[in-house]
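Chain residues, written in single-letter form:
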Amino acid sequence: MVLDNLGSSLRGSLDKLSGKSRVSEDDVEEIVKEIQRSLLQADVDVSLVMDLSSSIKERALEEEPPGGTTARDHVLSIVYEELVGLVGESTEIPLENQTILLAGLQGSGKTTTSAKMAWWFSKKGLRPAVIQTDTFRPGAYDQAKEMCSRAEVDFYGDPDNEDPVDIARKGLEETADADIHIVDTAGRHALEDDLIDEIEEIESVVDPDRNLLVLDAAIGQGAKDQAQQFDESIGIDGVVITKLDGTAKGGGALTAVNETDSSIAFLGSGETVQDVERFEPNGFISRLLGMGDLKQLTERVERAMSETEEEEDWDPEDMMKGSFTLNDMRHQMNAMNKMGPLEQVMDMIPGFGGGIMDELPDDAMDVTKDRMRSFEIIMDSMTDKELENPRSIGASQIRRIARGSGQDEERIRELLQQHKMMSQTLKQFQGMGQGGDMERMMKKMQGGGGGGGGGGMGGMGPFG
Ligand SMILES: Nc1nc2c(ncn2[C@@H]2O[C@H](COP(=O)(O)OP(=O)(O)OP(=O)(O)O)[C@@H](O)[C@H]2O)c(=O)[nH]1
C-alpha cells in the first residue's frame, strides 16, 4: 500500500501530543518531518511534499483548535485534510453508457485492469464489454479472454487480426449491446513513436469518453514523462494505479496526476478480477492513517453477503431476527472469504488499520485463515441437528466430531466458544432494528469515536 509507513510513524509522533491542549513549533516540526520522510520514500515529488509541509505547519500553528478538540485530534484532522487535498478528487466515472480507453506502458497492468474494471461495472448492474486490441504481446489475447470469462463479462478480441485499429472498430460493432466499452491497448517497453501513433489511431476510431492512464505503483518519477506524452497525444482524464499490494510507493502516480491535471480513478491491489476499487480520497487517507474506511468495508460486506445469499439460499435477515446457528456462522465465514484477502478487509476496519496490523506478528493472518479453514472442516463433520442447535453438542459429540474431522477437541471447543461470542454480539444488534443496515452496524462497531474504536469486531468475526 502507498505510504504504508506513514500511518504508524505519524501515529507515534501524534501520540506524543496526547494530553496537550496546544502544539509547540517543535511538535509540528517533528510531525512534518515524519510526513516528509514517508512521502519522499513513497516517491512523491519533492515540490509537492514541500507545499504540503508548509501548509500543515502553518495551519497547525495558526488555526485555533475547535472547542473541546485536543491538540492531537486537531493536528490529525489538518494532516488528514491536507493529505486528502494532495491525492485530489476521484475521477468522475458516471454509471452510464460510456467508452473508456486504457493507455500505458508494457506490463503496467492494462489488460488486468480492463477485466477488473469490467467486473466492477458489472457489480454496479451495468453490462460491460472488454475489447482487446493488443496485437503486440503474444499472450495478451488469451489473458484478457480468460480474465473476462472469470469476471463473467463480454469480451471481444481477434488473435488472427494484426490490425489493432480494425479490431477496435469491429469490437465496438460486435459488442454494441454492452453499456460500457473498455478498450485495452498494447504497451511497449518504453515510449516509442509507433506506440503513440497506434494509440492515437485507436482513439480516433473509438472516440472514448474517458482516457485512463494505467501506472504501476512502483514507477516513481518516470511517471512524469509518460504522463506528459500520453496527455499530449490523447489527453488523460484519469489514472489507474496498479500493484499497490506489492509496493510501499505510489507517489509517482501522484506526480502523473499533477502533470496531466487529472485525478485517480481506480486502484488495483492484486492479480484477480476482484482486486480493484474505486479511488475515494477520504476513505483512502483514513485507511492510510489507520482510521479505517467504512464506505469500502460496507460495500464489500454488502456485496459478499448478497453473493452468499444467492449462492447458498441463505437470508441474513433470518439470522438478525432469530437464533444464530452454526449454519449461519458458516454462511458468514463464506461471506467473509468473498470479501477478499483478510489483510485488506482488516485495513478498512476503524482501529484495525495500518498501525495495529503492523504490530501483529507476521503470521497472525495465516493463523486466522488456518483457524477458519479448520472450523469449516469441523462443521463438515457435524450433523444437521448439531449445526442448527449447537447447544446439543456435549463431550461425547465433541469426541466424535474430533475423530471424524481429524481436528483436536480443543479446536472444536474453540469453535463453539467463538459461535457463542458471535451470537451474543448479534443479540446486541438485534435490538437495533432490521438487519442489513450495515452502516449502522459498522458505526456501532466503530464505537462512535473517531479512530480508536474497533472493540466490537472481535465478537463478530472468527478473528480469534
Ligand atoms: N500483484 C499485482 N499484480 C498485478 C496487478 N495488476 C496487474 N498485475 C500483474 O502484472 C503483470 C502485467 O499485467 P498486464 O495486465 O498483463 O499488463 P499490461 O499493461 O496489459 O501489459 P502489456 O499488454 O504487455 O502492455 C501481470 O502478471 C499481472 O498479473 C496488481 O494490482 N497487483
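Definitions and limits used
- Residues numbered from 1 in each chain as written.
- Predicted model: local features only at pLDDT ≥ 70, side-chain atom pairs only at ≥ 80, totals over all residues.
- UniProt positions renumbered as here; feature names shortened; annotations may be inferred.
- Axes fitted to C-alpha atoms, helices over the stretch in contact; angles between N-to-C directions.
- Helix = DSSP H or I, 4+ residues; strand = E, 2+ residues; numbered from the N terminus.
- Parallel < 35°, antiparallel > 145°, perpendicular 65-115°, else oblique.
- Left-handed = near helix turned anticlockwise from the far one by under 90°.
- Contact = placed C-beta atoms within 7 Å.
- Nonpolar A, V, L, I, M, F, W, Y, C, P; charged D, E, K, R; others polar.
- Near = placed C-beta within 6 Å.
- Buried ≥ 20, exposed ≤ 12 C-beta atoms within 10 Å, placed from the backbone.
- Pairing = 2+ DSSP bridges.
- pLDDT = per-residue confidence, 0-100.
- Core = buried A, V, L, I, M, F, W, Y, C linked by C-beta atoms within 7 Å.
- Domains from an automatic or database assignment.
- Expected span 1.5 Å × (residues − 1).
- Arc of directions from axis to C-beta.

- Under the annotation held in an unreviewed UniProt entry, the chain carries the name Signal recognition particle 54 kDa protein and is attributed to Haladaptatus paucihalophilus DX253.
- Heading Catalytic activity (unreviewed entry) of the UniProt record for the chain holds this comment: "GTP + H2O = GDP + phosphate + H(+)".
- Check the Subcellular location (unreviewed entry) section of the UniProt entry for the chain; it says "Cytoplasm".

1. Observations concerning the packing of helix α3 (residues 46-62) against helix α4 (residues 71-87)
Here is step 1 of the chain: Closest axis-to-axis distance for the α3/α4 pair is 10 Å, and the angle between their directions is 150°. Here α3 lies roughly antiparallel to α4, going by the angle between them. When the axes of α3 and α4 are compared, the crossing they make is right-handed. In contact with Leu48, Leu52, Ser55, Ile56, Arg59 and Ala60 of α3, α4 contributes Val75, Ile78, Val79, Glu82 and Leu86.
Here is step 2 of the chain: For the contact of α3 with α4, the class distribution of residues is 8 nonpolar, 1 polar and 2 charged.

2. Re the site of the ligand
Here is step 1 of the chain: Taken together, 23 residues lie near the ligand, and Gly109, Thr111, Thr112, Gly187 and Gly268 sit nearest.
Here is step 2 of the chain: Of all the secondary-structure elements, those providing two or more residues to the shell around the ligand are α5 (110-123) and α6 (140-151).
Here is step 3 of the chain: Among the elements that line the shell around the ligand, the one with the most residues is α5, at 3 residues.
Here is step 4 of the chain: Looking at the shell around the ligand residue by residue, the classes come out as 2 nonpolar, 14 polar and 7 charged.

3. Brief notes about the pairing of strand β7 (residues 264-268)
Here is step 1 of the chain: Counting buried positions over the 5 residues of β7 gives 5, a clear majority of the element.
Here is step 2 of the chain: Here 3 bridges tie strand β6 (residues 238-242) to β7, and the two strands are oriented parallel to one another. Each bridged residue has a counterpart across the sheet, and for Ile241 the counterpart in β7 is Leu267.
Here is step 3 of the chain: Bridge analysis of β7 against strand β8 (residues 276-278) gives 3 bridges, and the strand direction is antiparallel. Of the residues in β8, the one forming a bridge with Phe266 is Arg278.

4. Quick notes on the confidence of the model for the chain
Here is step 1 of the chain: The share of residues in the chain with pLDDT of 70 or more is 79%, and the mean pLDDT across the chain is 81.
Here is step 2 of the chain: Ranking the elements of the chain by mean pLDDT puts helix α22 (residues 457-460) last, at 36, and strand β2 (residues 128-132) first, at 97.
Here is step 3 of the chain: Residue range residues 445-464 is modelled with pLDDT below 50. Its contacts to residues more than four positions away, or to other chains, number 39 contacts.
Here is step 4 of the chain: For this predicted complex, the interface confidence reaches an ipTM of 0.97, while the overall pTM sits at 0.68.

5. Examining the environment of Ile393
Here is step 1 of the chain: Looking at the secondary structure, you find Ile393 in the loop between α18 (384-388) and α19 (395-405).
Here is step 2 of the chain: Of the residues examined, Ile393 has 22 C-beta atoms within 10 Å and is grouped as buried.
Here is step 3 of the chain: Measuring from C-alpha to C-alpha, the distance between Ile393 and Met382 comes to 9.4 Å, with 11 residues separating the pair along the chain.
Here is step 4 of the chain: Among residues more than four places away in sequence, those in contact with Ile393 are Glu386, Ile398 and Leu416.

6. Points about unusual backbone geometry
Here is step 1 of the chain: Even without being a glycine, Lys243 presents a positive backbone phi close to 60°.
Here is step 2 of the chain: Note on placement: Lys243 falls in the loop between β6 and α10 (251-259).
Here is step 3 of the chain: Taking the number of C-beta atoms within 10 Å as the measure of exposure, Lys243 has 23 and is therefore buried.

7. Section: the pairing of strand β5 (residues 210-216)
On any regular strand, side chains alternate: one points to one face of the sheet, the next to the other face.
Here is step 1 of the chain: Burial analysis of β5 places 7 of its 7 residues in the buried class, the great majority of the element.
Here is step 2 of the chain: Neither face of β5 is left uncovered, since the one carrying Arg210, Leu212, Val214 and Asp216 and the one carrying Asn211, Leu213 and Leu215 both have all their residues buried.
Here is step 3 of the chain: The sheet contact formed by strand β1 (residues 98-103) and β5 spans 4 bridges and is parallel. From the neighbouring strand, Ile100 faces β5, where its bridge partner is Arg210.

8. Topic: the environment of Gly235
Here is step 1 of the chain: Within the element layout of this structure, Gly235 appears in the loop between α9 (223-233) and β6.
Here is step 2 of the chain: Taking the C-alpha atoms as reference, Gly235 lies 8.9 Å from Arg210; in sequence the two are 25 residues apart.

9. Notes on helix α11 (residues 281-288)
Here is step 1 of the chain: Of all 8 residues in α11, 6 are buried, a share of seventy percent or more.
Here is step 2 of the chain: Of all the positions in α11, only Gly283, Phe284, Ile285, Ser286, Arg287 and Leu288 are classed as buried.

10. A few points about the sheet that holds β1
Here is step 1 of the chain: Taken in spatial order, the 8 strands of this open sheet run β3-β2-β4-β1-β5-β6-β7-β8, and their pairing is mixed. Edge positions in the sheet fall to β3 (154-156) and β8, since each has one partner strand and no second. If you compare each strand with its neighbour and ignore which way they point, the axes differ by 20° on average.
Here is step 2 of the chain: Those strands touched by helix α7 (residues 164-174) are β2, β3 and β4 (180-184), and its axis lies near 160° from that of β2.

11. Notes on the nonpolar core
Here is step 1 of the chain: Membership of the largest hydrophobic core comes to 84 residues, with the highest contact counts inside it found for Ala118, Val130, Leu213 and Val239.
Here is step 2 of the chain: Of the residues forming this core, the biggest block, 7 residues, is contributed by α4.
Here is step 3 of the chain: Two domains each provide a minimum of three residues to this core, namely domain 1 (4-87) and domain 2 (98-279).
Here is step 4 of the chain: The residues contacting Ala118, other than those within four sequence positions of it, are Pro128, Val130, Cys148, Ala151, Val153 and Ile182.
Here is step 5 of the chain: Within the second largest apolar cluster, 9 residues are counted, among which are Met329, Phe375, Met379 and Ile412.

12. Notes on α3
Three or four residues apart is the spacing at which side chains of an α-helix point the same way, because the helix has 3.6 residues per turn.
Here is step 1 of the chain: In a regular helix each residue adds 1.5 Å, so 17 residues correspond to 24 Å; α3 covers 24 Å between its end C-alpha atoms and thus fits that length.
Here is step 2 of the chain: Residues of α3 that are buried: Val49, Leu52, Ile56 and Ala60. Projection of α3 onto a plane perpendicular to its axis shows the buried side chains occupying an angular sector of 70°, all on one side. In α3, the exposed positions that point more than 90 degrees away from the buried face belong to Ser47, Met50, Ser54, Glu58 and Glu62.
Here is step 3 of the chain: On its buried face, α3 sits against α2 (25-41) and α4.

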